[in-house]
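Reading the structure
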Amino acid sequence: ATLRCVSQFDYQGFIFADEETTNETHPVNVIGDFGIIVEGGGPIAFINLRTGVLIKKKASTSLNQITTADESGYGTFADPGAAGDSFLFKLANNTYGAIEITSLTPSGLGFNATIRYKYQPNGTRNF
């Protein structure tokens, strides 16, 4: 999936269960499970979360290396990521998702964040 980011008030998010992007207009009130805000100079990606979603960063980890979601260590904030970093998500309904940022590329006035993802809808931690 490719998520567009122009600013913290004009970016896209993602819903794992529906495999859909969302149009986000607020840095805190996120509609999707998460949204990505990209800042140049790196570029780096900040992950904003919907209320009830927790996150854990897996630096320099490929999505292919993630076969099981970690049991603990999640929080409401993760350090920014770059291409090649992955993130685990514990969703509000006690299911799990994971993404890998594969690229952060300039596009028009902002950036495109390209991600690969996995979703485990049955509540187990196994992908």
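Let me begin by describing the structure that accompanies this report. Just so it is clear, the model here is predicted, and its values are computed rather than measured.

Here we take up the environment of threonine 2. When you line up the elements, threonine 2 lands in strand E1 (residues 2–7). Once the C-alpha coordinates of threonine 2 and phenylalanine 111 are considered, the two residues, 109 residues apart in sequence, prove to be 10.0 Å apart. Contacts of threonine 2, omitting those with residues within four sequence positions, involve Gln12, Thr21, Asn112, Ala113 and Thr114.

Applying the stated criterion across every chain, the model contains eight aromatic pairs. Taken together, a centroid distance of 4.6 Å and an interplanar angle of 55° make the contact between phenylalanine 14 and tyrosine 117 tilted. Residue phenylalanine 14 is found in strand E2 (residues 10–15), and its partner tyrosine 117 is found in strand E9 (residues 110–120); the two are separated by 103 residues along the sequence. Following the ring pairs from residue to residue traces out a cluster consisting of Phe14, Phe16, Phe34, Phe89, Tyr117 and Tyr119.

Attention now moves to the nonpolar core. Membership of the largest hydrophobic core comes to 25 residues, with the highest contact counts inside it found for Phe34, Ile36, Ile47, Phe87, Phe89 and Ile99. For this core, the elements supplying multiple residues, two or more each, are E1, E2, strand E4 (34–39), strand E5 (44–49), strand E7 (86–90), strand E8 (96–107) and E9. Broken down by element, this core gets its largest block of residues, four residues, from E4. Among residues more than four places away in sequence, those in contact with isoleucine 36 are Leu3, Cys5, Tyr11, Gln12, Ala45, Phe46, Ile47, Ile99, Ala113 and Ile115. Core analysis: the next-biggest nonpolar cluster, separate from the first, contains seven residues, Leu63, Tyr74, Leu88 and Tyr96 among them.

Cut-offs and rules
Residues numbered from 1 in each chain as written. Predicted model: local features only at pLDDT ≥ 70, side-chain atom pairs only at ≥ 80, totals over all residues. Heavy atoms only, no water. Helix = DSSP H or I, 4+ residues; strand = E, 2+ residues; numbered from the N terminus. Contact = heavy atoms within 4.5 Å. Phe/Tyr/Trp six-rings, centres within 6.5 Å; stacked < 30°, edge-to-face > 60°. Core = buried A, V, L, I, M, F, W, Y, C linked by side-chain atoms within 4.5 Å. Buried < 20%, exposed > 50% of the residue type's maximum accessible area, 1.4 Å probe, protein only.

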